[in-house]
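Single-letter residue listing:
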Amino acid sequence: MKRRIDRSEDEWRAMLTPFEFHVLREAGTERAGTGELLHENREGIYRCRACGAELFRSQTKFDSHCGWPSFYAPSDSDAVELLEDRSFGMRRVEVRCASCGSHLGHVFPDAPQTPTGDRYCMNSVSLTFEEE
Ligand SMILES: [Zn+2]
């Protein structure tokens, strides 16, 4: 697949902190309740920490009580790509940045209180926040 941003893993490693690299490029997960954007509730834009692409807007962020920042929809359906993830004996849907392929988190259809019913469960370390 042709991506807008196409860097080698060595290039990413040089640009990111070890923990950012682990989550974004090795599909790691930050510990629940520890992310810096979990309680962010200002108006603004959430971007991919690796490439800066816009991914989410604060209007779709909601308190899911799951321990990670949660959104019910991406800014644009083309902003993310969804992949089946069968790791750890589970069947989940992985969410990646469509621009650079970095891992963001998973999406679960378990949020009936939202307009879409979806919970995009994101790692804070995969995102940056820009207040508007
Ligand atoms: Zn990206």
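This one's a predicted model, so the numbers in the text were calculated from it and none came from an experiment.

Asker: I tried to follow the coordination of the zinc ion on my own but got confused; where do I start?
Answerer: Any two of four tetrahedral donors ideally make an angle of 109.5 degrees at the metal, while pairs among six octahedral donors ideally make 90 or 180 degrees. All of the protein donors around the zinc ion are Cys48 (SG), Cys51 (SG), Cys97 (SG) and Cys100 (SG); their distances to the metal are 2.3 to 2.4 Å. The site at the zinc ion holds four donor atoms, and with the angles between them running 105 to 114°, its shape is tetrahedral. Mapped onto the sequence, the donors of the zinc ion take the spacing C-x2-C-x45-C-x2-C. With Cys51 in the loop between β1 (44–48) and β2 (54–57) and Cys97 in strand β6 (residues 92–97), this pair connects stretches of sequence that are 46 residues apart.

Asker: Any chance you could explain the side chain of His106 here in plain terms?
Answerer: Mapping His106 onto the fold places it in strand β7 (residues 103–108). For His106, a relative accessible area of 8% translates into the label buried. Here Asp85 takes part through its side chain, which lies 2.8 Å from a polar atom of the side chain of His106. Those residues in contact with His106 that sit more than four places away from it in its chain are Asp85, Arg92, Val93, Glu94, Val95, Arg119, Tyr120, Cys121 and Met122.

Asker: Explanation requested: helix α2 (residues 18–26) in the structure shown.
Answerer: A turn of α-helix holds 3.6 residues, and therefore any two residues three or four places apart point the same way. Every buried residue belonging to α2 is among Glu20, Phe21, Val23 and Leu24, and all of these are buried. Of the surrounding elements, those touching the buried residues of α2 are α1 (9–15) and β7. Of the residues one or two after α2, Ala27 is the one with positive phi, at around 55°.

Asker: Sorry if this is basic, but what is going on with the sheet that holds β2 here?
Answerer: Picture the strands of a sheet paired through backbone hydrogen bonds; they go either parallel or antiparallel. Read from one edge of the open sheet, three strands run β2-β1-β9, paired in antiparallel fashion. Both edges of this open sheet fall to β2 and β9 (127–131), since each of them pairs with a single strand only. Geometrically, the sheet is characterised by an average inter-axis angle of 30° between neighbouring strands, direction not taken into account. In terms of strand pairing, β1 meets β9 through five bridges, oriented antiparallel.

Asker: Help me understand the side chain of Ser124, please; the structure alone is not making it clear to me.
Answerer: Topologically, Ser124 is positioned in the loop between β8 (119–122) and β9. For Ser124, a relative accessible area of 1% corresponds to the buried category. Ser124 has contacts with Glu30, Gly35, Glu36, Leu37, Leu38, Arg49 and Pro69, leaving out every residue within four places of it along the chain.

Asker: Looking at this model, I keep getting lost on the nonpolar core. Mind explaining?
Answerer: Looking at soluble globular proteins, one finds that nonpolar side chains tend to be buried together. Core analysis: the largest hydrophobic core is formed by 24 residues, its most contacted members being Leu55, Tyr120 and Met122. At the level of elements, α2, β1, β2, β6, β7, β8 and β9 are the ones that each hand at least two residues to this core. Sequence-distant contacts of Leu55, that is, excluding residues within four places in its chain, are made with Tyr46, Arg47, Cys48, Pro74, Ser75, Ala79, Val80, Cys97, Leu104 and Leu127.

Definitions and limits used
Residues numbered from 1 in each chain as written. Predicted model: local features only at pLDDT ≥ 70, side-chain atom pairs only at ≥ 80, totals over all residues. Heavy atoms only, no water. Donors = N, O, S within 2.8 Å, 3.2 Å for Na, K, Ca; no water. Tetrahedral: all angles 85-135°; square planar, octahedral: opposite > 155°, others 65-115°. Helix = DSSP H or I, 4+ residues; strand = E, 2+ residues; numbered from the N terminus. Buried < 20%, exposed > 50% of the residue type's maximum accessible area, 1.4 Å probe, protein only. Polar contact = N/O pair within 3.5 Å; in protein donor to acceptor, adjacent residues only side chain to side chain. Contact = heavy atoms within 4.5 Å. Pairing = 2+ DSSP bridges. Axes fitted to C-alpha atoms, helices over the stretch in contact; angles between N-to-C directions. Core = buried A, V, L, I, M, F, W, Y, C linked by side-chain atoms within 4.5 Å.

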